[in-house]
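One-letter residues, chain by chain:
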Amino acid sequence: NGRVNTAYNSAMGKGGIICHPFLDLNQNDKKDIGEPRVFVKNVRISGGKIKSFEKDSIIRISDLNSFIKYKLTFDDGELENIGWKFKYKTYQVLVDPHQFKKIEIPVLVFGEVTGMIYEKIESQNNGLGRITIQIFDESGKLVAKTKSEHDGYYSYLGLKPGEYTLQIDEEQLKRIGYKVDKKPLKVTINPSMKGDFVENLNFILSEK
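Residue indices follow the written sequence of each chain, beginning from 1 at its first position. In view of the model being predicted, local features appear only for residues whose pLDDT reaches at least 70, and side-chain atom pairs are presented and counted only at 80 or more, with totals across whole chains, interfaces and linings using the full set of residues. Side-chain numbers come from the whole structure's heavy atoms, not from hydrogens or water.

Novice: Could you clarify how one ought to interpret the packing of aromatic side chains in this entry?
Specialist: Each aromatic ring pair is characterised by the separation of its centres together with the angle its planes make. Each pair of aromatic rings taken from Phe, Tyr and Trp, with Trp reduced to its six-membered ring, is defined by centres within 6.5 Å and is described as stacked if the planes are under 30 degrees apart, edge-to-face if over 60, and tilted in the remaining cases. By the definition in use, this model includes three aromatic pairs. Relative to Phe86, the ring of Phe74 lies with its centre 5.0 Å away and its plane at 40°, an arrangement referred to as tilted. Placement of Phe74 in the loop between strand S4 (69-73) and strand S5 (84-86) and of Phe86 in strand S5 is noted, with a sequence separation of 12 residues between them. Taken together, a centroid distance of 5.8 Å and an interplanar angle of 85° make the contact between Phe74 and Tyr91 edge-to-face. Separated by 17 residues along the polypeptide, Phe74 in the loop between S4 and S5 and Tyr91 in strand S6 (residues 90-94) bring together distant segments of the chain. Strands here are runs of E lasting at least two residues and helices are runs of H or I lasting at least four, both read from the DSSP assignment and numbered beginning at the N terminus.

So, in structure tokens, the structure goes:
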């Protein structure tokens, strides 16, 4: 890329690692055409010298001892979008002498769902807190759940692209003596570089 780095220490017998973080939109662990690179400023490793440049979004780790397995650890907090998360947080890489070993670092994009839980009292709807919302994938498996806040608002961030169903916890409804006015809600999380956001997924509860 036209850049030359120099150092005073001898690099004989040393090796390095080059990390290529990228948005893995199709979740196949490989960087495909149209999947952009992601700039990550830092990675944790015991030893070596780390350099990262936003221009090419490549992390270069040099001055590593050969034939040693190094542990690399990535933190989601280093990513610029809260909807992005590393697919794998840790890597173990064996360093080869006199060369840089390239590894691709897939970053997944997650979607978010939000809505309100209302309690129907006569002609008014008031927010209802501590209600459990369950999220099922298209195979019917429970993949996540969250609770509404005191004002009835709820949200969940961390859904991969796909089809989901949201419903109120039926066991909780039985315990508190409420019924829900809607059937389970269907929602689609679409693949997006910034992460899909679906809102206004509201439920209205009333006493039996």
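Novice: Just to check I follow, could you spell out the sheet that holds strand S2 (residues 49-53) for this structure?
Specialist: Where strands meet in a sheet, backbone hydrogen bonds hold them as pairs that are either parallel or antiparallel. At least two DSSP bridges between two strands are needed for those strands to be called paired. Judged by pairing direction, the sheet is mixed, and its five strands sit side by side in the order S2-S3-S1-S7-S5 without closing on themselves. Two strands lie at the open edges of the sheet, namely S2 and S5, each paired on one side alone. With strand direction ignored, the average angle separating the axes of adjacent strands in the sheet is 25°. Note on method: axes are straight lines fitted to C-alpha atoms, helices fitted across the in-contact stretch only, with angles between N-to-C directions ranging 0 to 180 degrees.

Novice: Teacher, can you tell me more about the pattern of salt bridges here?
Specialist: Opposite charge on two side chains permits them to pair, given that their charged atoms come into close proximity. Think of a salt bridge as a Lys or Arg side-chain nitrogen and an Asp or Glu carboxyl oxygen that are within 4 Å of each other. In total, this model carries six salt bridges according to the counting rule given. Across the pair Asp56 and Arg60 runs a salt bridge, and its minimum N-O distance is 2.6 Å. Here's how the labels work: a residue is buried when its accessible area is under 20% of the maximum for its type, exposed when over 50%, partly exposed in between, all with a 1.4 Å probe on protein chains only. Among the residues examined, Asp56 registers a relative accessible area of 15% and is labelled buried.

Novice: Can you help me understand the nonpolar core in this one?
Specialist: Soluble, globular proteins show a tendency: their nonpolar side chains are buried together. Working definition of a nonpolar core: buried Ala, Val, Leu, Ile, Met, Phe, Trp, Tyr and Cys residues. They are joined through side-chain atoms within 4.5 Å. Within the largest apolar cluster, 23 residues are counted, with the highest numbers of intra-cluster contacts made by Ile17, Cys19, Ile61, Leu72 and Phe74. Put simply, the parts of the chain that give this core at least two residues each are strand S1 (14-23), strand S3 (58-65), S4, S5, S6 and strand S7 (100-109). By residue number, the principal contributor to this core is S7, which donates four residues. Each residue touching Leu72, except ones within four places of it in the same chain, is listed here: Ile17, Cys19, Val43, Arg44, Ile45, Ile61, Lys89, Thr90, Tyr91, Val93 and Ile103. Throughout, a contact is declared for two residues whenever any of their heavy atoms are within 4.5 Å.

None of the figures reported here should be taken as evidence of function without further support.
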